[in-house]
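Each chain, letter by letter, is given below.
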There are 2 protein chains.
Amino acid sequence: MPTGRAPEPTVLRLSIYLRCLRQVHAEGLDTISSAGIQERTGITAGQVRKDLSYFGEFGKPGLGYAVEPLLTRLSHIMQLDRPRKVVIVGAGNLGAALAGYQGLRSSIFSLVAAFDNNLSKIGRPLWDVEIKDVRELPRITQEQGVEIGIITTPAEAAQGVAELMAQGGIRSILNFSPTRIVSPQGTTIRNVDLMKELEVICFYLPKP
Amino acid sequence: MPTGRAPEPTVLRLSIYLRCLRQVHAEGLDTISSAGIQERTGITAGQVRKDLSYFGEFGKPGLGYAVEPLLTRLSHIMQLDRPRKVVIVGAGNLGAALAGYQGLRSSIFSLVAAFDNNLSKIGRPLWDVEIKDVRELPRITQEQGVEIGIITTPAEAAQGVAELMAQGGIRSILNFSPTRIVSPQGTTIRNVDLMKELEVICFYLPKP
DNA sequence: GTGAGCTTGTGCTTTCTTTCACAATCTCCA
DNA sequence: TGGAGATTGTGAAAGAAAGCACAAGCTCAC
Ligand SMILES: NC(=O)c1ccc[n+]([C@@H]2O[C@H](COP(=O)([O-])OP(=O)(O)OC[C@H]3O[C@@H](n4cnc5c(N)ncnc54)[C@H](O)[C@@H]3O)[C@@H](O)[C@H]2O)c1
Ligand SMILES: NC(=O)c1ccc[n+]([C@@H]2O[C@H](COP(=O)([O-])OP(=O)(O)OC[C@H]3O[C@@H](n4cnc5c(N)ncnc54)[C@H](O)[C@@H]3O)[C@@H](O)[C@H]2O)c1
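Cut-offs and rules
- Residues numbered from 1 in each chain as written.
- Chains lettered and ligands numbered in written order.
- Predicted model: local features only at pLDDT ≥ 70, side-chain atom pairs only at ≥ 80, totals over all residues.
- Heavy atoms only, no water.
- Helix = DSSP H or I, 4+ residues; strand = E, 2+ residues; numbered from the N terminus.
- Buried < 20%, exposed > 50% of the residue type's maximum accessible area, 1.4 Å probe, protein only.
- Contact = heavy atoms within 4.5 Å.
- Areas by Shrake-Rupley, 256 points an atom, 1.4 Å probe, with all protein chains shown as cover.
- Salt bridge = Lys/Arg side-chain N within 4 Å of Asp/Glu carboxyl O.
- Domains from an automatic or database assignment.
- Near = heavy atom within 4 Å.
- Polar contact = N/O pair within 3.5 Å; in protein donor to acceptor, adjacent residues only side chain to side chain.
- Least-squares fit on C-alpha atoms with pLDDT ≥ 70 in both.
- Arc of directions from axis to C-beta.

J.: So, the overall build of chain A: which residues are in play, and what are the values?
T.: Each helix and strand counted, chain A has 8 helices and 10 strands in total. Over its C-alpha atoms, taken along the principal directions, chain A stretches across nearly 60 × 55 × 35 Å. Sorting the 208 residues of chain A into buried and exposed places 51% on the buried side. Pairs at least 24 apart in sequence give 56% of the contacts found in chain A among residues at least 6 apart. Accessible area of chain A: about 10000 Å², with a carbon and sulfur share of 51%.

Right, here's the structure in full:
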């Protein structure tokens, strides 16, 4: 039963279950057992059951989990059951790749605008949005009710951009620049550190 | 003292310390205390000391850590003290962004080639390398002694690519496609799941 | 209907991480 | 040179997460 709050590792896995369930659903299956989820995700069956049990009782003994209802419930729990508007700041290489990603144009996320501070980029199109002046960010995100911001600027600019985002009413920020951002009041920040991943991989390289 | 092996969370943080130290070094400082590292990284001073203690005694009481020696030692521990060759498979949006990233052209990493299976891309340049036929991957990586592979293909292709990489002698793989890869014998895989990050951020969005 | 066969939910145990606190050590200035 | 002040390394304690095992519950075939 839902006692208290779920640990963060559980939340991370929820997203994996969701992806798994979407695929299973697309395959036309109606139910899946925790063992079936283990097979597809590599996450232990016991772990799966425990994770889900933080949020309620979704399964039927002897049968497993009904795919569609679980999909609906998990989407709700993850707050992925209504559209979220997203902006990207820093229309460089990485920003452009993300902006073009179809995952950002799904039924859940929609990319509203991209921003930059480089005059030669402002006004140009980036895929299907226009690159706007970053100084307009607070106004635009406020007006449009944007909830999520993605930072793909150089590290030096990240803190300032985060503050602009907070000013524009953005509550959650995904930061790709390799620097620590001090969260403006009321915002959550998640850092994605690609160089870190690359370096960590080296640690695990077979020692000569 | 180095008792046994360091926990994975520690290894992840090592990469952060390294980045911090590089910056501190660039600023010309000779020493830094664990408290100083906390200030810059947000990681608790006690945690810093414990992490470092897994690998040896690097600091001097009353003074802190000598920046340059620590940088050298940590680089060695992370196996970042000699150049590593890297290839990217999947010369699409994300692959192109990564290929152009200067972090991959540093003194530590060097991008050797990019691969694709799309005939209209093969033979074209991607930044300063040429896009090659993915079928040539095992031969080329073998010949060049490539140690790290990055996968930026669609999910369906990832498993096959990983196996080609293993065949080509690659030991460590960074996978950006949203799928689970079953590690070929002798390879380490790290997954970077950008959509997961975006979904998790929604969970932490303020509940209405 | 009934029993064999799965599969769940969960309390308990084990393992892994982080935090705490302090003796030991070093610096540096008077 | 000596003592005040700073900072380390680390055991011990607390806290968090994962693994385990099994009673309870559901299904389905006969
Ligand atoms: N490209 C990659 O694959 C990659 C990999 C790992 C990390 N990163 C990080 O992601 C970030 C972006 O990388 P990139 O390769 O796209 O760099 P880039 O130079 O191609 O793009 C950065 C963009 O940010 C814009 N910008 C700079 N200051 C700004 C400001 N104050 N407000 C708004 N826009 C601003 C620039 O005009 C530029 O368009 C960097 O922090 C980089 O370290 C990138
Ligand atoms: N673009 C992003 O920002 C982004 C974000 C999150 C995740 N991803 C993931 O990264 C991967 C790449 O995304 P993308 O946007 O660059 O896609 P993309 O379609 O632009 O690029 C994929 C490339 O892989 C090549 N490819 C396909 N099969 C191949 C094979 N068997 N061998 C070699 N090459 C092959 C294609 O020809 C194409 O050039 C996808 O799995 C995507 O889900 C991308």
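Resuming the write-up.
J.: Tell me about the pattern of salt bridges, and name the residues and values.
T.: Any two side chains of opposite charge can pair, given that their charged atoms come close. Residues and elements named next belong to chain B. Counted according to the given criterion, the structure contains 24 salt bridges over all chains. The partner of Arg 13 in a salt bridge is Asp 51, with the nearest N and O atoms 2.6 Å apart. Of this pair, Arg 13 sits in helix 1 (residues 8-26) while Asp 51 sits in helix 3 (residues 45-53), placing them 38 residues apart in sequence. Residue Arg 13 is classed as buried on the basis of its relative accessible area, which comes to 18%. Of the charged contacts in the structure, one is a salt bridge between Arg 82 and Glu 147, with a shortest N-O distance of 3.3 Å. In this pair, Arg 82 is assigned in the loop between helix 4 (67-77) and strand 4 (84-89) and Glu 147 in the loop between helix 6 (137-144) and strand 8 (148-151), connecting sequence segments 65 residues apart.

J.: Give a detailed account of the domain arrangement of chain A, specifying residues and quantitative values.
T.: Once the domains are mapped, chain A shows domain 1 (2-77) and domain 2 (84-196). Spacing between the C-alpha centres of domain 1 of chain A and domain 2 of chain A amounts to 31 Å.

J.: Any chance you could break down the site of ligand 1 for me, citing the residues and the numbers?
T.: Near ligand 1 you find 23 residues, and of these Leu94(A), Asp116(A), Lys121(A), Thr153(A) and Tyr101(B) are the closest. Chain contributions to the surroundings of ligand 1 come from chains A and B. Note that an oxygen atom of ligand 1 is positioned 3.0 Å from one of the backbone N or O atoms of Asn93(A). In this structure, an oxygen atom belonging to ligand 1 sits 2.9 Å away from a main-chain N or O atom of Leu94(A).

J.: Before we move on, can you summarise the environment of Lys60(A) with the specific residues and values?
T.: All names here are of chain A. Tracing the backbone through its elements, the reader meets Lys 60 in strand 2 (residues 59-60). By relative accessible area, which is 60% here, Lys 60 ends up exposed. Here the alpha-carbon distance between Lys 60 and Thr 31, two residues 29 residues apart in the chain, equals 9.8 Å.

J.: Before we move on, could you go through the relation of the copies chain B and chain A and cite the residues and values that matter?
T.: Mapping chain B onto chain A calls for a rotation angle of 180 degrees and an axial translation of 0.0 Å; the resulting RMSD is 0.0 Å. What the rotation and shift describe, once combined, is the action of a two-fold rotation axis. Nearest to the rotation axis, the C-alpha of Ala97(B) is located 3.3 Å from it, this being the minimum over chain B. Same-surface contact between copies: 100% of interface residues of chain B are shared with the interface of chain A.

J.: Explain helix 4 (residues 67-77) of chain A to me, and be specific about the residues and the numbers.
T.: Of all the positions in helix 4 of chain A, only Val67(A), Leu70(A), Leu71(A), Leu74(A), Ser75(A) and Ile77(A) are classed as buried. All buried residues of helix 4 of chain A fall inside an arc of 160 degrees around its axis, so they share one side. Residues of helix 4 of chain A that are exposed and point more than 90 degrees away from the buried face comprise Thr72(A) and His76(A). Residues of helix 4 of chain A that are buried sit in contact with helix 1 (8-26), strand 1 (31-32), helix 3 (45-53) and strand 3 (64-66) of chain A together with helix 8 (194-203) of chain B. The first or second residue beyond helix 4 of chain A is Gln79(A), which carries a positive phi of 60 degrees.

J.: Residues and numbers for unusual backbone geometry, please.
T.: Residue and element names in this part refer to chain A. With a phi angle near 60 degrees, Gln 79 is a residue other than glycine that sits in the positive phi range. Mapped onto the elements, Gln 79 comes out in the loop between helix 4 and strand 4 (84-89). Backbone geometry at Trp 127 places phi at a positive 55 degrees, although glycine is not the residue there. Looking at where Trp 127 falls in the secondary structure, it is placed in the loop between strand 6 (125-126) and strand 7 (129-133). Residue Trp 127 is classed as partly exposed on the basis of its relative accessible area, which comes to 47%.

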